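# Notes for the structure review
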Amino acid sequence: MLAIDDIFLNLALYDTSLRRIHSSTPGAVDPLDDELRAAVLQRGRPRAPADSPAAAVLMSARTQDNAWAVPVLFPVADDIGAGKGFLLITLDLGYFLGLYRNIDIGRTGVIHILDADGIELAEARAEGLTHLNKRQRFEEFVAAVGRDGSYAGDLRGTGAYLANARKAERAPFIVAVSKELAEVRASHVRSSTRVWSSIAILVSALIAATWGLVRGFRRQHQLFAAFLKSNRENHSLIAQLEAGEARAVALASFDHLTGLHNRRLFNELAASHLEVARRSRKHYALVYMDLDRFKSVNDTLGHHVGDRLLQAVAERLKSGLRSADIVGRMGGDEFAVLLTELDLAESVDAIATKLLYQLSQPYPELEGHEVQTSPSMGIAFFPRDGHDVSTLCRNADSAMYSAKRRGRGCFSYYDAALRPQTDRTFRLQGELPQAIEKGELVLHFQPKVRLTDYRIVGFEALVRWDHPELGLIFPGDFIPMAEESGLIIPLGDWVMKACCLQQAAWRRQGVEVVPLAFNVSPRQLRDSGLPRRMAELLYDHGLGAGDIEIEITESSLVEPLDMAIQVLEELQHMGVVVGLDDFGSGFSNLSQVRHLPISSLKIDRSFVNDIRTSKEVGVIVTSIITLAHSLGIRVIAEGVELLDQLVQLRTAGCDEVQGYYLSRPVPADDAIRLMNQPTIVPQ
Ligand code: C2E
Ligand code: MG
Ligand code: MG
């Protein structure tokens, strides 16, 4: 079996006298010549068992002809240890070393084969195998290897080597591996360099991360500081804008000619006094007056004299009244006075008589002319003749006309019986309840157009009464009536339902619907059942809260507010968008509005109307828009009739517009046509 392994070049058996009995290559020369034989025999017959390495005799030192072929002689013993002969094995060292060829022993690494006496027989290096004809004995090395298997020193005088050796079992060989110390160290240096550089990289990464973290913290701190700063700036901007708005409102609140309150401010102040008046036992009266023959003064003496006359009248009014009274110029030659906190109703008579006298005195120095005029005055009492400013004004105005009819230069009290109720009004009042049942109400729709891209982003539903005989009647003629009588609740419900039906129908027709807004009057907003009915309608018609919107007016926001706010909050909770209509026509301001659940604000038509002609109005509109935006409120302008107005509103940052310039309110069939051409671009 051994013979078939390439490492064994030859196997031969010898008897105790070293005579060859058998050879695996019989023709080959017997490696045991006489000299070798004598030497072996001289050593004495090996007694140890055959597997003891000490018993093996290496005869390589003697065989010089083929250095790779190393004969080894093993004594063969029987079971009891008696010598029976010898086995000679000729090993191929080249083959043996070749087995190590694929092991990376490094640049200077060497595998040595030494015999038991420390004589080197062959070695394998990175360059190849070497058999050594000039055999060297490494005594020191063998001694060191004998102790602990390792050696460090100069092997051949070529430099320091590190070596490790093992005696081959059952064979008289030592196999050693050596390497130049420098190379061994170099690999250590390399790996420690690797370790150190990894540590260095880790440390620098750690430093970079810490630095980044610190920088991040610092940056966050800076951002936070910047945020606080911008927040402070925003607050101060809002404060400035509010102050600006207040200044602009003040500018727009006084009549530039006389310095008196203008109509807007008069209404506002009078309304706040009437709020107090409701809880007071004192008397309040509204006096409305105009100047007799003022037109002829203007026509004959010129406008500048007319203007001077108005200024002089204003002076006399101011000096003739207490500071608690409110005086305003309502337009042209019309003035109004709210007499406040009178102890006796009869005092009004004395005051009116005094005013009549003072204003009827000649005006001697008007641009070189002396002018004589007199006022006609009408008086309405709060609350008997009206609960709010506009009713009181209207009624005092009608009293003034009766004074004029009586012959000018006098005053009259309002008498409810004098109220000029036309046949038509009576008729409408009587027929309104049935109009709802008979289905005579219809909705028209006016688009709201976004100013950035002129897309239609919503519609407002406006109710009309399609009277079989009187034709189309506009809401101004019947909504106040409905509000007074309480009919507004069923009317409002009809509008709400009609809007839902219409949205559902449009959707069925495949139209991509936009939110449809409808108007909700103050009385409806105090109806706690409104949100529930609205939710039911939406559900019944398969609509979402986003499909409808409501518009409330500033007059909804007067005291008592609790119920209105509760209803508004419920609507907001449902997801219904609430817009504030006619903003600026009443008394609310943005600081009140910001606490209400309102998403949009519609600037009153009167502002839009004046935006081109009055610088102050332009400032007011711009500041309303800026402030509303800072509160997250969308701004719509209504009543846009001219391209100029649209351009100014767009410049001021207004979000949407609504008005005749883009489209009048139209019936449903026309509205669908508008929706199918989703933009209305101004020409
Ligand atoms: P609003 O809600 O402010 O509606 C806008 C009004 O301005 C509408 O008058 C509309 O036709 C008119 N309008 C639109 N664009 C222009 C324009 O460019 N120039 C001018 N001069 N007017 C324009 P309408 O339809 O006569 O309605 C008047 C008011 O009646 C509405 O004012 C609203 O307060 C009330 N109203 C209308 N429908 C309803 C309703 O269903 N319920 C309640 N409670 N009130 C309604
Ligand atoms: Mg409206
Ligand atoms: Mg409006």
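This text goes with the structure placed above it.
Attention here is on the structure that accompanies the text. (Residues numbered from 1 in each chain as written. Chains lettered and ligands numbered in written order. Predicted model: local features only at pLDDT ≥ 70, side-chain atom pairs only at ≥ 80, totals over all residues. Heavy atoms only, no water.)

## Here's the deal with the overall build of the protein
If you tally the helices and strands in the protein, you get 20 helices and 27 strands. Since a compact globule built from 683 residues should have a radius of gyration of about 26 Å, the 59 Å found for the protein marks it as more spread out than a globular shape. For the C-alpha atoms alone, the extent of the protein along its principal axes is close to 175 × 60 × 50 Å. For the protein, buried positions account for 46% of its 683 residues. (Helix = DSSP H or I, 4+ residues; strand = E, 2+ residues; numbered from the N terminus. Rg over C-alpha atoms; globule rule 2.2 N^0.38 Å. Buried < 20%, exposed > 50% of the residue type's maximum accessible area, 1.4 Å probe, protein only.)

## Here's the deal with the coordination of the magnesium ion (ligand 2)
Bound to the magnesium ion (ligand 2) are the protein donor atoms Glu460 (OE), Asn519 (OD1), Glu551 (OE) and Asp581 (OD), situated 2.0 to 2.2 Å from the metal. When the donor residues of the magnesium ion (ligand 2) are listed from N- to C-terminus, their spacing reads E-x58-N-x31-E-x29-D. Here the magnesium ion (ligand 3) and the magnesium ion (ligand 2) are spaced 4.1 Å from one another, each receiving a donor from Asp581. With a gap of 62 residues between them, Asn519 in strand 22 (residues 516-519) and Asp581 in strand 24 (residues 577-583) connect regions that are remote in the sequence. Using a relative accessible area of 29% as the deciding quantity, one classes Asn519 as partly exposed. (Donors = N, O, S within 2.8 Å, 3.2 Å for Na, K, Ca; no water.)

## Concerning the coordination of the magnesium ion (ligand 3)
Those donors, Asp581 (OD), Asp582 (OD), Glu638 (OE) and Glu638 (OE), are the protein atoms that reach the magnesium ion (ligand 3), and they lie 2.0 to 2.4 Å from it. Read N to C, the donor residues that coordinate the magnesium ion (ligand 3) are spaced as D-D-x55-E.

## Thoughts on the environment of Asp582
Along the chain, the position of Asp582 falls in strand 24. Given a relative accessible area of 23%, Asp582 falls into the partly exposed group. Those residues in contact with Asp582 that sit more than four places away from it in its chain are Thr553, Glu554, Lys602, Asp604 and Glu638. (Contact = heavy atoms within 4.5 Å.)

## A short note on the site of ligand 1
The immediate surroundings of ligand 1 are formed by 23 residues, with Arg464, Asn519, Asp581, Glu641 and Tyr660 found nearest. Between ligand 1 and Asn519 there is a distance of 2.8 Å, counted from an oxygen atom to a side-chain nitrogen or oxygen. Separating an oxygen atom of ligand 1 from a side-chain N or O atom of Arg605 is a distance of 2.9 Å. In the complex, the protein chains occlude 86% of the 790 Å² of accessible area that ligand 1 would expose alone. Every element with two or more residues in the shell around ligand 1 is listed here: strand 20 (456-467), helix 12 (488-508) and strand 24. Among the elements that make up the shell around ligand 1, the one with the highest residue count is strand 20 (four residues). (Near = heavy atom within 4 Å. Polar contact = N/O pair within 3.5 Å; in protein donor to acceptor, adjacent residues only side chain to side chain. Areas by Shrake-Rupley, 256 points an atom, 1.4 Å probe, with all protein chains shown as cover.)

## Section: empty space enclosed by the protein
Tallying each qualifying case throughout the model produces two cavities of 30 Å³ or more. Computed from the structure, the largest cavity encloses a volume of approximately 40 Å³. In terms of lining, the largest cavity is formed by Lys448, Glu549, Glu551, Gly579, Leu580, Asp581, Ser600, Lys602 and Ile636. Put simply, the parts of the chain that give the lining of the largest cavity at least two residues each are strand 23 (548-553), strand 24 and strand 25 (600-603). Looking at the lining of the largest cavity, its residues break down into two nonpolar, two polar and five charged. Looking at the second largest cavity, its volume works out to about 30 Å³. Taken together, Ile238, Glu242, Leu590, Ser591, Arg594, Leu627, Ser630 and Leu631 make up the full set of residues lining the second largest cavity. Of all the secondary-structure elements, those providing two or more residues to the lining of the second largest cavity are helix 4 (181-253), helix 16 (590-593) and helix 18 (615-630). Of the residues contributing to the lining of the second largest cavity, the split by class is four nonpolar, two polar and two charged. (1 Å grid on protein atoms, 1.4 Å probe; cavity = no way out; pocket = protein on both sides within 12 Å on 5 of 7 lines; lining within 4 Å. Points joined across faces, edges and corners; volume = space filled by probe spheres on them. Nonpolar A, V, L, I, M, F, W, Y, C, P; charged D, E, K, R; others polar.)

## Here's the deal with the pattern of salt bridges
Counted according to the given criterion, the structure contains 28 salt bridges. Between Asp385 and Arg384 there is a salt bridge, with its nearest N and O atoms 3.0 Å apart. Classification of Arg384 as exposed rests on a relative accessible area of 58%. Several salt bridges converge on common partners, so that one network encompasses Lys448, Glu460, Glu549, Glu551, Lys602, Arg634 and Glu656. (Salt bridge = Lys/Arg side-chain N within 4 Å of Asp/Glu carboxyl O.)

## Regarding the packing of helix 14 (residues 530-540) against helix 15 (residues 562-574)
At their nearest, the axes of helix 14 and helix 15 sit 9 Å apart, and the two run at 25° to each other. In terms of orientation, helix 14 lies roughly parallel with respect to helix 15. For the element pair helix 14 and helix 15, the recorded crossing hand is right-handed. For the pair helix 14 and helix 15, contact is made by Leu530, Pro531, Met534, Ala535 and Leu538 and by Val567, Glu570, Leu571 and Met574, respectively. Looking at the contact of helix 14 with helix 15 residue by residue, the classes come out as eight nonpolar, no polar and one charged. (Axes fitted to C-alpha atoms, helices over the stretch in contact; angles between N-to-C directions. Parallel < 35°, antiparallel > 145°, perpendicular 65-115°, else oblique. Left-handed = near helix turned anticlockwise from the far one by under 90°.)

## Digging into the environment of Leu237
The residue Leu237 is located in helix 4 in this model. The spatial distance from the C-alpha of Leu237 to the C-alpha of Ser630 is 9.7 Å, given a sequence separation of 393 residues.

## Examining the nonpolar core
By size, the foremost hydrophobic cluster in this structure holds 91 residues, and its most contacted members are Leu491, Phe518, Ile552 and Leu649. The element contributing the most residues to this core is helix 12, with eight residues. Not counting residues within four places of it along the chain, the set of residues in contact with Ile552 comprises Val520, Leu525, Leu557, Leu568, Val578, Gly579, Leu580, Asp581 and Ile598. (Core = buried A, V, L, I, M, F, W, Y, C linked by side-chain atoms within 4.5 Å.)

## With respect to the packing of aromatic side chains
Under the criterion given, the structure shown has six aromatic pairs. Summarising the aromatic geometry, the rings of Phe381 and Tyr413 are spaced 5.9 Å apart at their centres and angled 15° between planes, so their arrangement reads as stacked. With Phe381 in strand 17 (residues 375-382) and Tyr413 in strand 18 (residues 411-413), this residue pair connects regions lying 32 residues apart in the sequence. Given the relative accessible area of 11%, Phe381 is considered buried. Through a chain of ring-to-ring contacts, three or more aromatic side chains come together here, namely Phe381, Phe411 and Tyr413. The ring centre of Tyr363 lies 3.6 Å from the NZ or CZ of Arg316, which sits over that ring. (Phe/Tyr/Trp six-rings, centres within 6.5 Å; stacked < 30°, edge-to-face > 60°. Lys NZ or Arg CZ within 6 Å of the ring centre and 35° of its normal.)

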